[in-house]
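A structural walkthrough
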Amino acid sequence: MTTELYSGDCLQALALDHGIVEIRLDRNNEPVNKLDARLLRELDLVLEQLRTHPGLRGVLLGSAKDAFLAGADIAVLWSMLEWPRQQLLEFCGGMQRSLTAIGELPVPVACIINGYALGGGLEVALCADYRVLAADGQVGFPEVGLGILPGAGGTVRTPRLANGTTALEWIAGAHTYKAAAALKAGMVDAVGEPPQLRSLALDWLGRAIAGEHDWKGMREQRTSGFATDEAAFTAAREQARKASRNQPAALAVIDLLQDCSSLSRDAALAREVQAFAGLIQTPAARALVGTFLASQQLKKKNRNQAASSRRVQRVGVLGAGIMGGGIAYASAVKGMPVLLKDVAQKALDLGTGEARKLLGKQVDSGRLQPERAEAILASISPQLDFRSFETVDVVVEAVVEDLRVKQAVFAELEAQVLPGTVLASNTSSLLIRDIAAKVQRPEDVVGMHFFNPVPLMPLVEIVRGEKTREEAVATAVSYAIAMGKTPLVVKDCAGFLINRLLGAYFTAFILLIRDGADFVEIDRVMESWGWPMGPSYLLDVAGLDTLDKALVILGKAYPEVMGTAFETAIQKLAGQKRYGQKTGAGFFRYEADAKGRPRRSGDPQTYELLATVQPQGPRAIGDEEILDRMMLAMILEAGRCLDEQVADSALEIDAGMRLGTGFPVHHGGPLWYADAVGATMLLQRCERYRALGGLYTAGLGLHNLAARNGKFYGSFAP
Ligand code: T1G
């Protein structure tokens, strides 16, 4: 028999048989359970009631939703950016006390984690005596990725439950873990299929009630310090420095864990609150929390747009190169069978070989069963003709980057598919309106600009041509989502959005070198600002010949901004066949290491070559000027793109740069960073570099913002 003890907006308490009470999280009218003041208030009320509940023998803690608890409400984290410190300390202290009270009930508590428990969600679960996790569930601490650290006891309970090394890995690493890994780490006590979770949890409770487990002793043990391993802390620091330049959160967690290892649980909890309050108002946390919310908005917009489209069930891919093979793989893996067509058998072998290689990696790492990999591969049909193309919903063209060839391919393709089939080009440098110029149904033609390597890169630019109909755009959006990618709808212009902004960035680089800067210094400055690679190294990796071609196209399309009427550093090196890694030399020199990976070293010859494109000779340029010129060029181009509505909003431009280029996430994106600097200050800097021409001329939008003291994210609110 079940009796309701409490029913609120966030949870219910139900008295079950045999003295067991179940607390069931179930947020009214919201898709997920989240940890906020309302939930804590209701939890306090129920715990208070349970402390004197007659006949109570055990407590089950679970969720009525698809997942246990998604952690703190991120919209509340956003508001915390403005709270006075005292309010932050009080809120977190209160949150910790409410959670601690779970583990201080006079009876054993078992937590059922279905779906996921993240951040504060896992912190709640850690307060129970036992945790059972769904076999398809996930747990973890995403906080460091938000520029903060767990503030509800995660840094205190994790090392005391598992050990210090696990705490370092789980919290500083900010990964989520699947059930098997969580069990191995000792973060949960059992794993089960969702229908069995409840009886599994009841079983643990039963054994605790029967005295088969010393749950009281375990509680006691976890109130003191924990053992540390010095080497693990050193390794974690090293890793954190490499992984997240200028992100204070990972290093702060490591320091906190080390400083608190000998403290009692309660003393460590007090330190955690202080550390949390110290991080939540840093610019990095502001950028990371803000951009999480912005990404959610983009996700919603894409979902809404996709809702008005046809569902993509079958796909055609033309051109079986590395890109075509990658697109075929990424579609097939997500359950969309592919017709992969090329004109040459050799190319087909290459494309399917690419898919086979990618699947093999998944099998080797244990993420995919061999039979499933075979089935996925079998869903890709390599063919030399257009057989069955009338059955596909979308065709992605990935043939050579040549307008005439693409026009001919589209004209031929159009006759082979049903009207309404979306015809997408994966071009990176041609205009969609030019590609569509020779077809009967230009309204079906759209751009889908994938990034290399397709399986790893999360972004797809969806390019709306002049005549593309809305439904074709929506279908491309829906297809990209079905592939697990983030689609970004952009206008048809040279470079689209991402390459256009990178074009401005590389133009700034070329000008700096011309003016005498040392490319190694430029890389150092940009890497210490947070870019994973400096521009010279990036050019070497991407290929100087390829980048030069792209920059020439951009220079023609935007002569005022990206035109260069002199021999550039890139052209100088490419002219010597120094294309970068692929030819063993570019800005740097490369030799294969023992594992065949390119190892970088300096090369005095580069300086000799570059001296010939430096009319005033080499000159020391300060870090501030280097950073200013590089980032200002990108910001101003982003502003111009917004003025021209290349993308709909600042948040979309920033999301594109984070996902498409490795833009340092803790700076938010070019326009987020622009807001942090301020429009007036940016205009002052433009003035400083006026002599350098159009690259440093601000667009109308930035002038308007400066005039009214506005921000690119002016209307942004969670
Ligand atoms: N706060 C507010 N809303 C959230 C939310 C959260 N934490 N998590 C999800 N939502 C909303 C989301 O906006 C969307 O709403 C809906 O739920 C479904 O999400 C104290 C400080 C959980 C893996 O970082 O990573 O705890 O758009 O579309 O793809 O120490 O959302 O439908 O109106 O993304 O299945 C730690 C953040 C916070 C988790 C689900 N927690 N969320 O992904 O669906 S810090 C997180 C996610 C913290 C403590 C600290 C994902 C998800 P709507 P969705 P999904």
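Each chain carries its own residue numbering, running from 1 in the written order of its sequence. Where totals are concerned, whole chains, interfaces and linings use all residues; where local detail is concerned, this predicted model gives features only for residues with pLDDT of at least 70, and gives and counts side-chain atom pairs only at 80 or more. Computation of side-chain values: all heavy atoms of the structure, hydrogens and water removed.

One heavy atom within 4 Å of a molecule or strand is enough for the residue carrying it to be called near that molecule or strand. The local shell around the ligand holds 28 residues, among which Ala72, Gly120, Glu123, Gln296 and Lys299 are the closest. As used in this structure description, the phrase polar contact means that two N or O atoms lie within 3.5 Å; if the pair is within protein, one of them must be able to donate a hydrogen and the other to accept it, and residues adjacent in sequence are counted only when both atoms belong to side chains. Between the ligand and the protein, one listed contact pairs an oxygen atom with a backbone N or O atom of Gly120 at 2.8 Å. Arg303 has a polar side-chain atom sitting 3.2 Å from an oxygen atom of the ligand. Contact with the protein chains removes 76% of the 990 Å² of surface that the ligand exposes when unbound. Where the shell around the ligand is concerned, the elements lending two or more residues are α2 (74-80), β6 (116-118), α4 (120-126) and α13 (283-307). In this description a helix means any DSSP run of H or I spanning at least four residues, a strand means any run of E spanning at least two, and both kinds are numbered starting from the N terminus. Broken down by element, the shell around the ligand gets its largest block of residues, five residues, from α13. All residues other than Ala, Val, Leu, Ile, Met, Phe, Trp, Tyr, Cys, Pro, Asp, Glu, Lys and Arg, Gly among them, are scored as polar; the first ten of these are nonpolar and the last four charged. Here the shell around the ligand is built from residues that sort into 16 nonpolar, five polar and seven charged. Reported accessibility uses the Shrake-Rupley method at a 1.4 Å probe radius. Residues are deemed covered only where the shown protein chains occlude them.

What follows is about the pattern of salt bridges. When a carboxyl oxygen of Asp or Glu lies within 4 Å of a side-chain nitrogen of Lys or Arg, that pair is called a salt bridge. This structure, assessed with the given rule, holds 45 salt bridges. One salt bridge in this structure joins Asp9 and Arg38, with 3.1 Å as the shortest N-O distance. Here Asp9 is found in the loop between β1 (3-7) and β2 (11-15), whereas its partner Arg38 is found in helix α1 (residues 37-51), with 29 residues between them in sequence. One salt bridge in this structure joins Asp628 and Arg688, with 3.3 Å as the shortest N-O distance. Linking Asp628 in helix α27 (residues 623-643) with Arg688 in helix α30 (residues 679-688), this pair joins segments that are 60 residues apart in sequence. Given the relative accessible area of 6%, Asp628 is considered buried. Each residue is placed in one exposure class: buried if its accessible area under a 1.4 Å probe, protein chains only, is under 20% of its type's maximum, exposed if it is over 50%, and partly exposed if it falls in between. Classification of Arg688 by relative accessible area gives exposed; the value is 52%. Put simply, Arg27, Glu30, Lys34, Asp36 and Asp73 are held in one network by salt bridges that share partners.

The sheet built from eight strands is open, its strands ordered β13-β12-β11-β14-β15-β16-β17-β18 with mixed pairing. Lying at the two open borders of the sheet, with one neighbouring strand each, are β13 (380-383) and β18 (486-491). Each neighbouring strand pair of the sheet contributes to a mean axis angle of 25°, computed without reference to strand direction. In this description, strands pair whenever DSSP reports at least two bridges between them. For strand β16 (residues 445-450) and strand β17 (residues 459-464), the ladder comprises four bridges, and the chain directions are antiparallel. Across the sheet, the residue bridging to Met448 is Ile462, located in β17. Most of the contacts of α13 go to β18, to which it runs at about 80°, and overall it touches β17 and β18. In this analysis, axes come from line fits to C-alpha atoms, helices being fitted only over the stretch in contact, and the angle between any two N-to-C directions falls in the range 0 to 180 degrees. Contacts were defined at the residue level, with two residues in contact if any of their heavy atoms lie within 4.5 Å.

This brings us to helix α10 (residues 230-243). Between its first and last C-alpha, α10 extends 20 Å over 14 residues, near the 20 Å set by a 1.5 Å rise per residue. Residues of α10 that are buried include every one of Ala232, Phe233, Ala236, Arg237 and Ala240, and no others. Buried residues of α10 fall within an arc of 135° about the axis and therefore sit on the same side. For α10, the exposed residues set more than 90 degrees away from the buried face come down to Ala231 and Lys242. If you follow the buried residues of α10, they end up packed against α6 (164-173) and α11 (248-260). Two to three positions downstream of the cap, the backbone nitrogen of Ala231 sits 3.1 Å from a side-chain oxygen, assigning the N-cap of α10 to Asp229. How far a helix is expected to stretch is found by multiplying one less than its residue total by 1.5 Å. The reported arc concerns the directions from the helix axis to the C-beta atoms and nothing else.

Its boundaries defined by the atoms lining it, the second largest pocket holds a volume of some 1,600 Å³. Along the walls of the second largest pocket sit 41 residues, with Ser428, Asn452, Ala542, Thr546 and Leu547 positioned nearest its centre. Among the secondary structure elements, those contributing two or more residues to the lining of the second largest pocket are α14 (322-333), β16, α20 (498-514), α22 (535-542), α23 (544-557) and α28 (650-661). If one sorts the elements of the lining of the second largest pocket by residue count, α23 sits on top with eight residues. Residues belonging to the lining of the second largest pocket are distributed by class as follows: 23 nonpolar, 13 polar and five charged. Where a domain begins and ends is set by an automatic assignment or by a domain database. Domain assignment of the residues forming the lining of the second largest pocket places at least three in each of domain 2 (312-492) and domain 3 (499-707). A pocket here means an open set of points on a 1 Å grid, computed over the protein atoms alone, that has protein on both sides within 12 Å along at least five of seven lines. A cavity is instead a set of points where a 1.4 Å probe fits but cannot get out; residues with an atom within 4 Å of a point line either one. Grid points are joined across faces, edges and corners, and a volume is the space filled by probe spheres set on the points.

Bringing unusual backbone geometry into the picture now. Across the chain, the bulk of peptide bonds are trans and the bulk of non-glycine residues have phi less than zero. Residue Pro453 follows Asn452 across a cis peptide bond; omega there is -5°. We note that Ser388 has phi near 70°; this positive angle belongs to a residue other than glycine. Among the secondary structure elements, Ser388 is positioned in the loop between β13 and β14 (394-397). Take Ser388: its relative accessible area is 29%, and that puts it in the partly exposed class. A positive phi angle, near 55°, is found at Gln645, a position not held by glycine. Checked against the element boundaries, Gln645 lands in the loop between α27 and α28.

Domain parsing of the protein yields domain 1 (3-281), domain 2 (312-492) and domain 3 (499-707). Look at where the C-alpha atoms of domain 2 and domain 3 centre, and you get two points 30 Å apart. Contact with domain 2, which involves twelve residues of that partner, is made by ten residues of domain 3. Here domain 2 and domain 3 share an interface that buries about 910 Å² over both sides, 62% of which is from carbon and sulfur atoms. Buried surface area refers to the total accessible area, computed with a probe of radius 1.4 Å, that the two partners give up upon joining, counted for both partners together. Contact with domain 3 buries surface across domain 2, with Leu459, Leu488 and Lys491 losing the most and accounting together for 45% of the total. Across the contact surface, domain 2 and domain 3 share zero salt bridges. Across the domain 2-domain 3 interface, the total number found is two residue pairs in polar contact (both at pLDDT 80 or more). Per-element tally for the side of domain 2 that touches domain 3: the top contributor is β18, with five residues.

Attention now moves to the nonpolar core. Put simply, buried Ala, Val, Leu, Ile, Met, Phe, Trp, Tyr and Cys residues joined by side-chain atoms within 4.5 Å make one nonpolar core. Ranked by size, the top nonpolar core spans 194 residues in total, and within it Phe68, Phe587 and Met631 carry the most contacts. For this core, the element with the highest residue contribution is α20, accounting for twelve residues. Sequence-distant contacts of Phe587, that is, excluding residues within four places in its chain, are made with Phe509, Phe519, Ser536, Leu539, Asp540, Leu544, Ala569, Leu573, Arg578, Thr606 and Leu610.

Below, the discussion takes up the sheet that holds β6. The mixed open sheet is built from three strands, whose spatial order is β6-β8-β9. If you trace the sheet from one side to the other, it starts and ends with β6 and β9 (176-178), each paired once. Averaged over all adjacent pairs, the angle separating strand axes in this sheet is 20°, with direction ignored. Sheet analysis places strand β8 (residues 138-140) next to β9, joined by three bridges and oriented antiparallel. Among the inter-strand pairings, Gly140 is bridged to a residue of β9, identified as Thr176.

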